[in-house]
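Observations on chain architecture
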Amino acid sequence: EDLRNTRAIHAAAMRFYEGYPPECEGPLGEQVQQIVINSLEDLPAQLGRVLHRLVVEQDVKADEIIVLSYRSTANSVLTIGDRVGAFDLVRVGQADTRKVEFESVWRFKGLERPVVILVEFRADADSKIRYSAMTRARSHLVLVGTNEELAGYRLES
């Protein structure tokens, strides 16, 4: 049984699940959001807008959010200490009201947060990693990427 995720997150992640499909007992939840950017250079500005919407407009606490990249933090267009909008990207465990955690999908495996923002998708990521990355979110999942990056993640309308 999937007791961690909402049914919306569970349904989106199941396309990457291998094996006998678990049942999800979580609440329906907010639909997984996909935000298309033109290029990776647009990522910091768009991420700042997403964080503003979540923290300021929807009253989500910044320390309940993590940005996860399919790239290592050393090879990302984002870096620890970057300012995206009004928020600083920090290492896991250093979040506060204006600081949001940033980590790679691989290093965050096995952990979770209420809100996960996935960025910098890799075409060579296998299904298990994709499933694991998506299911780190307990309540809300946001995917931010180019059309090409999001092609394998397209959700049903």
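Refer to the preceding data block for the structure.
Some remarks on the overall build of the chain
Scanning the chain from N- to C-terminus turns up four helices and seven strands. Each helix (α) and strand (β) of the chain, taken in turn from the N terminus, gives the series α-β-α-β-β-β-β-β-α-β-α. Taken over the C-alpha trace, the chain has a radius of gyration of 14 Å; the compact-globule value for 157 residues is 15 Å, and the two agree within 12%. On the principal axes, the C-alpha backbone points of the chain span a range of 40 × 30 × 30 Å. When each of the 157 residues of the chain is scored for burial, the buried share is 48%. For the chain, restricting intrachain contacts to residue pairs at least 6 apart in sequence, the fraction spanning at least 24 positions comes to 67%. Carbon and sulfur atoms provide 46% of the accessible area of the chain, an area that totals close to 8000 Å². Seen as two clouds, the 20 positive and the 24 negative side-chain charges of the chain have centres 3 Å apart.

Things to note about the pattern of salt bridges
Tallying each qualifying case throughout the model produces six salt bridges. For Arg113, the salt bridge goes to Glu101, with nearest N and O atoms at 2.8 Å. Placement of the pair is Arg113 in strand 6 (residues 113-119) and Glu101 in strand 5 (residues 99-104), with a sequence separation of twelve residues. Accessibility classification places Arg113 together with Glu101 in one group, the buried group. The shortest N-O distance in the salt bridge between Arg122 and Asp124 comes to 2.8 Å.

Digging into the side chain of Arg113
Residue Arg113 is classed as buried on the basis of its relative accessible area of 17%. One polar contact links Arg113 to Glu101, side chain to side chain, over a distance of 2.8 Å. Beyond its immediate stretch of four places on either side in the chain, Arg113 contacts Asp63, Glu64, Ile66, Val92, Glu101, Phe108, Arg136, Ala137 and Arg138.

Observations regarding the sheet that holds strand 7 (residues 137-145)
The strand order 1-7-6-2-5-4-3 describes an open sheet built from seven strands, whose pairing is mixed. Across the chains shown, the open sheet's two edge strands, defined by having one partner strand only, are strand 1 (33-36) and strand 3 (83-84).

Notes on the environment of Arg107
Along the chain, Arg107 falls in the loop between strand 5 and strand 6. For Arg107, the side chain forms a polar contact with the side chain of Glu103, separated by 3.3 Å.

Thoughts on helix 3 (residues 127-134)
An α-helix turns once per 3.6 residues; consequently, residues spaced three or four apart project the same way. Summarising burial for helix 3: six of the eight residues are buried, a large majority. For helix 3, every residue scored as buried is listed here: Ile129, Arg130, Tyr131, Ser132, Ala133 and Met134. In the core, the buried residues of helix 3 are packed alongside helix 1 (7-13), strand 6 and strand 7. With a side-chain oxygen lying 3.1 Å from the backbone nitrogen of Lys128, the N-terminal cap of helix 3 falls on Asp126.

What counts and how
- Residues numbered from 1 in each chain as written.
- Predicted model: local features only at pLDDT ≥ 70, side-chain atom pairs only at ≥ 80, totals over all residues.
- Heavy atoms only, no water.
- Helix = DSSP H or I, 4+ residues; strand = E, 2+ residues; numbered from the N terminus.
- Rg over C-alpha atoms; globule rule 2.2 N^0.38 Å.
- Buried < 20%, exposed > 50% of the residue type's maximum accessible area, 1.4 Å probe, protein only.
- Contact = heavy atoms within 4.5 Å.
- Areas by Shrake-Rupley, 256 points an atom, 1.4 Å probe, with all protein chains shown as cover.
- Lys, Arg positive; Asp, Glu negative; His and termini not counted.
- Charge placed at Lys NZ, Arg CZ, Asp CG, Glu CD.
- Salt bridge = Lys/Arg side-chain N within 4 Å of Asp/Glu carboxyl O.
- Polar contact = N/O pair within 3.5 Å; in protein donor to acceptor, adjacent residues only side chain to side chain.
- Pairing = 2+ DSSP bridges.

On their own, these measurements won't tell you what the molecule is for.
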